Each structure stands twice: as C-alpha cells, then as structure tokens.
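Read off the chains here:
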Amino acid sequence: MSLPDILSSAVTVFIDPALFGAMLIGMTIGMVFGAAPGLGAKMGILLLMPMLFSMEPAIGLVLILSMHAVIHTGGSIPSILFGVPGGAAEAATVLDGFPLAKSGRAAEALGASMAASGIGGIGGAIAYFLLLPVFTAIGRQLGAPEYLLLALIGLSAVSTLSHGSPFKGLAMAALGLLAGTMGMDHATGTPRFVFGQLALWDGLDILILVAGLFAIPELLDLARHKTSRLNARDAATGCTYGGLFRGMAETWRHRWLTLRTTFIGIVIGMTPGLGAEIASWLGYGHAVQFAKDKSRFGHGAIEGVIAPETANNSKEGGAFLPTVAFGLPSTATMALIMAAFAILGIPMGPMLTDNHPDLVVLIGWTILWSNLIAVLFFIAVLPVVGRLAYLRIDILAPIIMAVVITGTLIEQTGWWPIGTLFAISLLGCALATLDWPRAPFLLGFIMGQLAEINLVKTITLYDWGALARWPSLVLIAALAVILLAAFKWRSSAARGNLSTGEGVLAGILCLVFAAAAAISLGYPLEARAMPLLAGVAGALLTATLVLKCVTAAIKTKADRGVRPVPWRAISILALYMGLIPFGGMLAAGGLYAGLHAYVEQRSTPVRAILVGGTVAVVLWLLFGLWLRLPLFDRL
C-alpha cells in the first residue's frame, strides 16, 4: 500500500464500532493481566483464543493485538507500587521504580513509566511501518532453501537462548517439529502417526496444545499459592495527578535516552530469541552506562524507569517485522499470536503481505493507537490503580482455568480431545517441574509446517547446490554462529544442572524420537523428510543428555531446587475433565471451581458453593449468552 493509503486507514479503528469496541476490551484485559503478577501476555492470549472462532478476522486481530500491546504498560504498576514485577520483562523496572514509590514519588514513577511505554510502543509501530517494505522486499527474493534456513535459525535462536542447557531447548524444538507432522500429509495424502485414530488425521489441535502446554500448568501452580494481601489503599495514596504529570514530563527531559532505548528495543524485537526481558535489561544497562552519576541507580533514578519501559514496549513493533514478512515468530509470545491468527484464518508471511495489505496496515495502527490510548486510560483509572494492581491470583486462577478449558473443549466431541488435553497437560506439568523450556516446543509445532514445506521443495524442486547461493551461505553462517556461541555460553552456564528426573525424561523422549524416526522410514520421501529429520536430531540430543546424566552420576536431588508436582491439583483437574462428558461444560466448570476453593483454599462449604456458582454464571454469560455455544451438551 502507498503512504496515502496507510495514512487514510489510520482512523479505521475509530470509525468502525466493532473494531473500536474490540480495542477497548483488549486494552482493558491487557492492563488487568499485566497488572496481575503471574498472568501476563501468554495467559491473556490463551484466554482470548477460544473466543476467536466466531469473530471476523479484523475484529479478532484488533482484540489480540490491543491486549498484547499494553501488557507491559500494565505490568509496571505492581513493579513500582509493590516491588512485584508483573512479568519477567518488568523486573528491571523494580530496581528504581519501587524505591521511588517508597520515597513518596509513586505517581512520578508511574507517570514516567506510562509515558515511556507509550512513546516506546508508538516508536515501535512507526518502525514497523517504515521497515516492513524492506523486509517484504527481502522476503520476495528468498526461495525455499532460504526460508528453510530462516526457520532453522529462528528455532535455534529461541531454543538455545532458553533457560538451561541448549540441548534441552533444541530437543523441545525437535519434539515440536515432530508433533507438527502428526496427521494427514498434504503433499502425499499419507497419514502419519495417527495410530488408527480418525481424530488424529487432522493433526493435534493448536488450542489443545497451547492450553495443555502453557495455560493449565501455570494456572495449577498459581492457584496453589496464596498471595499476601497488600494494602492497596495505602499504595495508591501517593498517586496524585500532579506527580503523574511531573513523571510524564521526565521523558521529555530525558528525551535522548528515550529515543536511544526505543531504538534498542526495536532491534531486540527483530532478533529471534530475544524477548522483552532482554530488551528491558539492555535498556536499563544503557541508561546506567551513559549516566553521569551511576550511584543513583537502584535508589530511585527516574531514568531507571524510563529506559526499560521504553525498550520493552518498542520491542513489539520490531518483533512483528519478521513475523509478518517471513512468517517467523521471534519469541514464544509471537508464536502464540501466530496461532491466534491461524484460528482467525489470517496467514503470515508473503501470503499476508501480498493478499491482505489492509490487515498488514491494521496491525501497525492497532499497536500505535493502543499504546497511545493506554496512557489516557491509565490517567482515567489512576484513583483506583492500587486496587487494580494487586489481584488475588489464587482466586482468579481457577476461574481462568474453567474459562480456558471450556473454550478449548466446547466445540470438540468425544473422549479423545479430553484425553489429549489431559495428556498434554501432564507433559506440560512435567516440563515445568523439571525446568525444561516449553517455548521451543510451541515454536517447533507452529513453524513446522513452514519448515516442512520448504524442506520438501528444497529436496524435490532444487538440488542441494541451491544451498551454495550467497543468501543461503549467509544464513548458514548465521546459523552456525548462533549454535556455536549458544553452546559455548549456555552449556557452561548450565553445567551440573541435570537431575535424575531430567535424565529419565530425556531417556523417554529419546525412545519416542527413535521410534518416530523408525516409523517414518515407511512413508514416501516427501512425507518422511521432516519426521525423520526431527526424530534423528531429537534422538541424538536427548541421548546426549542421558549420557551426561550417566557419566556425571547426578544424584536424585540436584543442586538447584525442583518445582514440586501439584498432584492434588492435578487430581482435581482430572476429576473436572472426567465430569465434562457426563454433566456438560457448565456443571463441570462450576463443580471444579467450588471443589478447588474447598480443597485447595480451605474455604467454607458456603463460600465454595458461591465460588462454583459464580464461575458457572461467568461461563454462561461468556459462552452461552454471548457466543451462543452449547454448555449443557453431554457425551
């Protein structure tokens, strides 16, 4: 689209009531989920994903992006008022934001944070508009070998930069690639890894995978821990409008720092594997490095609030560039957004930029307007900001759990989806307990289709000499540098961190990979290429982990603490899923919430009944009244 077309579409969100309403709803959810420690962007996307099936693509796009755009803005509220970061990206803000609040300058810190977040988000959106034509032009010059290498680079970067050993991250990426091959192969019509089940011919459901891998394990953990009640009234006492506007003016006084950290965030966003937390800390480090008086940092320097907040919000505009232009998500959150777009029927990569330029432009304007309106929204809710900031997560978690599971299963039929969701949830809990990264699994699953299509094209349409072209050579060199640097850095950092439990998990996965590779040998060439590659690579990686465990003679109790397994919460979850076929979604969700309140939170029977009834009403309003979906159907 031309510049006049882009500018003329700037007010599209405002003149369409449905789009404007979606943006306001998404921003409200984003602010609340950002302000509630432990929730964040991933949980917000997971909550909204089941509702996207009945939405128009543009409305769903605005809902998801407006929620995601203001998550970090909301996350600065508990970071400053209570010293509790809303997420990992807000940890740097705590260092100076909380000391400012303790010294009576909470409103000033919040004002600086809000203004910096808005400027960073708007700067990221402007960079998206300016650089997307460049990325799109590059994408049109690339062939199947280059797209295959780009997919491998993105997977390798995210996997090796994940916490722990790079072997674990790459093994999870291989498992995701393997899971993505389940179902009918579209090139040859060959059913792969279906084991005689018709339900698997369409492959694993992305909603079931995301809910089981991320949402349910995290919500089970959050629901078990009672959070202390902080005095929100006292926290909000110092939040005056005068202090707020003084803080906002600080971003102008430190305008060059604001611009530099905006640029840092944009560059970090474009780099695969580097998330908002990296952008925040690099922005903070830049502020310290160029400060005249470095001793002020950590004791209430306003620059220590401006720099990380600008960087982590500007990152989002940069992160959308490779996602939109190439279809390559740079982080796990971008992969979730891609999954949400897939539900809406929105393709990514050249298919989006060539066939849906209106949606491409809408992405940029949604990011820009959401960040700008979020500042105005925050000014309006300032009097109640303390109450918003510290929500009882242990009470919210089972409610969100019921909404997520209902949204995931409500349009499914039979026992198979329920059993699949429970099995993937157990895998997610095991990975979380043993501290294995789950983001590479999701990225491998989502990017697997792109990687497999281009792998098959490279094999069948090109000869391997295509990899000798200069773009391919550059990408191969980049892949080698990423892998070598990551293994040198992460392997030394993660040395001695393997436990016996991790060795057992690695052994089980090694057998799974080896069996999958052996089974894939019976498929045609085009159908076996990706599962064979993923199976062999995964088997080698997990075998290496098993060998490390054996040779090092790691004891059962590792040097680091292991997250406890929530067996009681898992048992209640199993009962919940078992009740769905017999009582329907509404009854099962209400009973789960009431039972959880009675068993886990030690609530009185009356209060547990009230909690269960409240959840049932929420489910009916959301899915029954609004979305008109069947809540009472039984198996």
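The structure under discussion appears in the preceding block.
A brief report on the enclosed structure follows. (Residues numbered from 1 in each chain as written. Predicted model: local features only at pLDDT ≥ 70, side-chain atom pairs only at ≥ 80, totals over all residues. Heavy atoms only, no water.)

A word on the nonpolar core
Where we set the bar: Nonpolar core, defined: a set of buried Ala, Val, Leu, Ile, Met, Phe, Trp, Tyr and Cys residues in which side-chain atoms within 4.5 Å join the residues together. Burial here depends on accessible area, computed with a 1.4 Å probe over protein chains only, as a share of the maximum for the residue type. Under 20% is buried, over 50% is exposed, and the range in between is partly exposed. Any two residues whose heavy atoms approach within 4.5 Å are treated as being in contact.
Of all hydrophobic cores here, the largest spans 173 residues; its most connected members are Met-49, Ile-363 and Ile-405. What Met-49 contacts, discounting residues up to four positions off in sequence, is Leu-207, Val-210, Ala-339, Ala-340 and Ile-343. By size, the runner-up hydrophobic cluster in this structure holds eight residues, among which are Ala-92, Ala-287, Ala-301 and Ala-307.

Digging into the pattern of salt bridges
Side chains carrying opposite charge are able to pair once their charged atoms draw close together. Defined as follows: One speaks of a salt bridge when a side-chain nitrogen belonging to Lys or Arg is within 4 Å of a carboxyl oxygen belonging to Asp or Glu. For helices the rule is a DSSP run of H or I covering at least 4 residues; for strands it is a run of E covering at least 2, with both sets numbered from the N terminus onward.
For the structure shown, the criterion picks out five salt bridges. In this structure, Lys-168 and Glu-502 form a salt bridge, with 2.8 Å as the shortest nitrogen-oxygen distance. You can see Lys-168 sitting in helix α10 (residues 166–180) and its partner Glu-502 sitting in helix α25 (residues 500–520), a full 334 residues away along the chain. Each of the two residues, Lys-168 as well as Glu-502, counts as buried. Put simply, Arg-253 and Glu-250 hold a salt bridge, and the shortest N to O gap is 3.1 Å. Here Glu-250 and Arg-253 lie together in helix α13 (residues 241–253), a separation of three residues that amounts to about one turn. Classification of Arg-253 by relative accessible area gives exposed; the value is 56%. The class for Glu-250 is buried, based on a relative accessible area of 13%. Salt bridges sharing partners connect three or more residues here, namely Asp-185, Arg-192 and Glu-452.

Quick notes on the packing of α10 against helix α23 (residues 439–460)
Helix-helix packing is characterised by the crossing angle of the two axes and by the distance between the axes. Here is the rule we go by: A fitted line through C-alpha atoms serves as each axis, taken over the contacting stretch for helices, and the angle formed by two N-to-C directions is quoted from 0 to 180°. Handedness of a crossing is defined here by the sense of rotation of the near helix relative to the far one, left-handed for an anticlockwise turn of less than a right angle and right-handed for a clockwise turn. Here the nonpolar group is Ala, Val, Leu, Ile, Met, Phe, Trp, Tyr, Cys and Pro; Asp, Glu, Lys and Arg are the charged ones; every other residue, Gly included, is treated as polar.
Where α10 meets α23, the axes come as close as 7 Å, and the angle between the chain directions of the two elements is 35°. Here α10 runs over α23; the crossing is right-handed. Facing Gly-169, Met-172, Ala-173, Leu-175, Gly-176, Leu-177, Ala-179 and Gly-180 of α10, the residues of α23 in contact are Pro-440, Phe-441, Gly-444, Phe-445 and Gly-448. Class assignment of the residues belonging to the contact of α10 with α23 gives a composition of eight nonpolar, five polar and no charged.

Observations concerning unusual backbone geometry
Positive phi outside glycine occurs at Phe-193, with the angle close to 55°. Relative to the elements of secondary structure, Phe-193 occurs in the loop between β2 (191–192) and α11 (206–224). A relative accessible area of 7% means that Phe-193 is categorised as buried. With a phi close to 65°, Asp-435 is a non-glycine residue in the positive phi region.

Quick word on helix α27 (residues 567–599)
What counts here: Here the expected length of a helix is defined as 1.5 Å per residue gap, with one fewer gap than residues. Fitting axes to the seven residues ending at a residue and to the seven starting there, one defines the bend at that residue as the angle between these axes.
The end-to-end C-alpha distance of α27, which contains 33 residues, comes to just 13 Å, noticeably less than the 48 Å that a straight helix rising 1.5 Å per residue would cover. The largest bend in α27 is about 130°, located at Gly-583.

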